[in-house]
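Close look at the chain arrangement
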Amino acid sequence: MLENIRNIGIIAHIDAGKTTTTERILYYTGLTYKIGETHDGESVMDYLPYEKERGITVTSAATRCLWKDRTINIIDTPGHVDFTAEVERSLRILDGVVVIFCARGGVEPQSETVWRQADKYRVPRIAYVNKMDAVGADLFKVVDQMKNRLAAVPLVLTLPVYQDEVFSGIIDLIKMKYFTFSGTLGNEVKEVAIPEEYTEEADKWRLLMVESLAESNERLLELYFDEKPLPEEMLLRSIRENTVNGSMVPVICGSSYRNIGVQSLLDSIVEFLPSPLDVDRAEARSLDTDEAIEISPDIGESFSALVFKIVSDRHVGKLVFARIYSGSLKAGSYVYNGNTQKKERVGRLVRMHANHREEIENVAAGDIVALIGLKDVRTGDTLCSETSPVLLESIDFPEPVIQIAIEPKTQADQNRISEALAKISFEDPTFKTVYNKETGQTLISGMGELHLEIVAERLAKEFNIDFNIGQPEVAYKETITRKAEHITRYVKQTGGKGQFAHIVLSLEPGDGFEFVSKIVGGAIPREYIPAVEAGVKQALQEGVLKGYPVVNVKATLLDGSFHEVDSSEMAFKTAAMLAAKECMKKAEPKLLEPVMSLEINSPEEYTGSIINNISNRRGRLDSMEMSNSAQVIKGFVPLAELFGYSTVLRSLTQGRAGFTMEFSHYEESHFAS
């Protein structure tokens, strides 16, 4: 039953308690018999060796559990900014998310990033304020930050109770009861009267909750004004409607590590987050008619699914994770890849529980599943039926910003490293490998130093390859700053058929890449125009300044001519490459460098030293504010100036400051050129 399925993700800033919370959910839903802790390297969801060692999540893990007759498919995502693509691909296919905030840290930098990603895909969400047992925990500070920093409309549904300054339970503002969690690992939930000293605060927040809901529910408003009892069912329905349409965010509090409040979170997931039937229908393009269509989440419709993740498994080969949007699929049947327009056989279907596989015979609309047996498939591909081929909206991934040279130690490792890097880049769209012909080096690029560190660790331990690694380098780009035009006549005479192409091309600054043809009257046959576009694209892969990729260019094919016998696609592609290179030289090319958004948390006495250091690194200050008796300094600094910054910051602040950084934008480099 589709209405009983919840496809949810768990997203947050690093160390807010995502995996700890997921482990409790698995325990309380009966999927595991003991709770694995991340600090012991025993968690079910962080199953990779490098996740266990570091106690962090690196790759999103999927699992499935049951709560109150509802099926919950859960994806636990990383919190570290280097692995933000894992969050991006998960949010693309999920119906709802739980955003976890640390009760002490509040809305932290990566919290804002994942919130913006959820906004982008219009994903309904619940906020879970975790670590209410921590010193300095403050639910209401987090609620205020949600309003001010995230422009959210939080709806507080539970309040914390402290007895002898120890977090002991929560007040449910819908039931107006106090809940305690005792027994083995908090699995004995008791419902008692609200402690007397908390009744006034509970009444105040209950009134705020009802007033917020009454604004969007006339019947509730009538009952409220008539001072009549408010049925629990009506409150739940109103909260659900406001959550699903994104106008409100229910806020639950608890402490996953202390086993308090997780069952209330589970209740909220099944009560308030949407089923596949409640969310906007997936949009697709019909490959037969080229028209935009909506995909209905119906088992009776034609099959369609989106591939959101690919994992190489040493036992079964490629594990292809997909979200089923419509129809059904049986193991052993064929699917049509809308992107490659090829048919492939699905050997087996498996339901994933972290790294454990449960084989199943068929899947239907609303499911999240792993397919085994597909070979020619990539992240973002659409799988569908051959009779009704469609293309679902793909997934956009950020470009890598940091690169290092990698060199195998032996000839035997040379061949193996190419295969290993190809496998890793196939799994991770934000990891890229390029071979620099000029230097003879292999360069690997990713989202940050930790990202490339994990890749290096995988090469050494998983693939048993010996290699040397260079210093991190910045992934610069090039662009043009003015319009330029060039005429190219490409004529090559050989013994037989010659080569002829004549084009007039202009390049100008644009947004992304755009190609426009202004050819009229058949000056160049239509079949040669895609070759011109391909030639321009190829030329833009290496700029004329330093050989970096060229971005933000609009190319216009203005005029040209052809020869009946000697013209060919290859001739026009070559002419376009030559013309584009000449245009770039004339168009005043500039070097662009990645700029990072930097946030530093530091005791106030070190503020002066930190700001001086930022300006010495060509950075600029954005804002400063006090939070929890610490100074929060935000600014923008070129990535080239931030290698090894953690060591510098430690020495500046005697190890008392911490920082986070994420890619912000590219801007003109006045230093590197």
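The structure displayed is predicted, hence computed values, not measured ones. (Residues numbered from 1 in each chain as written. Predicted model: local features only at pLDDT ≥ 70, side-chain atom pairs only at ≥ 80, totals over all residues. Heavy atoms only, no water.)

Let's talk about the sheet that holds strand β23 (residues 382–384)
- As summarised here, the arrangement of the eight strands in space is β18-β17-β23-β14-β15-β22-β19-β20, forming an open sheet in which the pairing is antiparallel. Two strands lie at the open edges of the sheet, namely β18 (342–345) and β20 (356–360), each paired on one side alone. Each neighbouring strand pair of the sheet contributes to a mean axis angle of 40°, computed without reference to strand direction.
- Running over the sheet, helix α3 (residues 84–93) touches β14 (304–313), β15 (317–326) and β22 (368–372) and is turned about 150° from β14. (Pairing = 2+ DSSP bridges. Helix = DSSP H or I, 4+ residues; strand = E, 2+ residues; numbered from the N terminus. Axes fitted to C-alpha atoms, helices over the stretch in contact; angles between N-to-C directions. Contact = heavy atoms within 4.5 Å.)

Here's the deal with the side chain of Glu599
- Within the secondary structure, Glu599 is located in strand β35 (residues 589–602).
- By relative accessible area, Glu599 is classed as buried at 10%.
- Those residues within four positions of Glu599 in sequence are excluded, and the remaining contacts are Pro109, Val632, Ile633, Lys634, Gly658, Phe659 and Thr660. (Buried < 20%, exposed > 50% of the residue type's maximum accessible area, 1.4 Å probe, protein only.)

Here's the deal with helix α7 (residues 218–225)
- Looking at where α7 begins, the residue whose side-chain oxygen comes 3.2 Å from the main-chain nitrogen of Arg219 is Asn217.
- Just downstream of α7, Glu227 is the residue with a positive phi angle, here 55°. (Polar contact = N/O pair within 3.5 Å; in protein donor to acceptor, adjacent residues only side chain to side chain.)

A closer look at the packing of helix α14 (residues 607–616) against helix α15 (residues 645–652)
- α15 packs onto α14 with a crossing angle of 150° between their chain directions and a minimal axis gap of 10 Å. By the angle class used here, α14 and α15 are roughly antiparallel. Crossing angle aside, the handedness with which α14 passes α15 is right-handed. The residues of α15 that touch α14, namely those facing Ser609, Ile610, Asn613 and Ile614, are Tyr645, Val648, Leu649 and Leu652.
- Among the residues making up the contact of α14 with α15, the classes are represented as six nonpolar, two polar and no charged. (Parallel < 35°, antiparallel > 145°, perpendicular 65-115°, else oblique. Left-handed = near helix turned anticlockwise from the far one by under 90°. Nonpolar A, V, L, I, M, F, W, Y, C, P; charged D, E, K, R; others polar.)

Quick look at the side chain of Thr71
- With respect to the helices and strands, Thr71 occurs in strand β3 (residues 70–76).
- For Thr71, a relative accessible area of 13% puts it in the buried group.
- If we skip the residues at most four places from it in the chain, Thr71 touches Asn4, Ile5, Arg6, Arg64, Cys65 and Leu66.

Some remarks on the environment of Glu301
- With respect to the element layout, Glu301 can be found in the loop between β13 (292–295) and β14.
- Sequence spacing of Glu301 and Ser111 is 190 residues, and the spatial spacing of their C-alpha atoms is 38 Å.
- In contact with Glu301, not counting residues within four places along its chain, are Ser296, Ser326 and Gly327.

Re the sheet that holds strand β31 (residues 484–492)
- Strand order in the open sheet made by the four strands is β31-β32-β34-β33, with mixed pairing throughout. Both outer strands of the open sheet, β31 and β33 (513–517), are each paired with one neighbouring strand and no more. On average, adjacent strands in this sheet sit at an angle of 25° to one another, irrespective of strand direction.
- Contacts from helix α12 (residues 529–539) reach β32 (499–509), β33 and β34 (553–561) within the one sheet, and its direction differs from that of β33 by about 150°.
- Contacts from helix α13 (residues 569–586) reach β31, β32 and β34 within the one sheet, and its direction differs from that of β32 by about 35°.

Observations concerning the confidence of the model for the protein
- For the protein, the mean per-residue pLDDT works out to 86, and 93% of the residues sit at or above 70.
- Note on residues 38–48: pLDDT is under 50 here. Beyond four places in sequence and across chains, it has 42 contacts. (pLDDT = per-residue confidence, 0-100.)

Quick word on the packing of aromatic side chains
- For the coordinates displayed, the defined rule picks out eight aromatic pairs.
- Ring geometry for Phe101 versus Trp115: centroids 6.2 Å apart, planes at 40°, classification tilted. Here the residue Phe101 occupies a position in strand β4 (residues 96–102), and Trp115 occupies one in helix α4 (residues 109–120), the gap between them amounting to 14 residues. Neither Phe101 nor Trp115 differs from the other in exposure class; each is buried.
- On the basis of an interplanar angle of 15° and a centroid distance of 4.9 Å, the ring pair of Phe140 and Trp205 is categorised as stacked. Remark: Trp205 occurs in helix α6 (residues 199–214) and Phe140 occurs in helix α5 (residues 139–150); sequence separation between them is 65 residues. (Phe/Tyr/Trp six-rings, centres within 6.5 Å; stacked < 30°, edge-to-face > 60°.)

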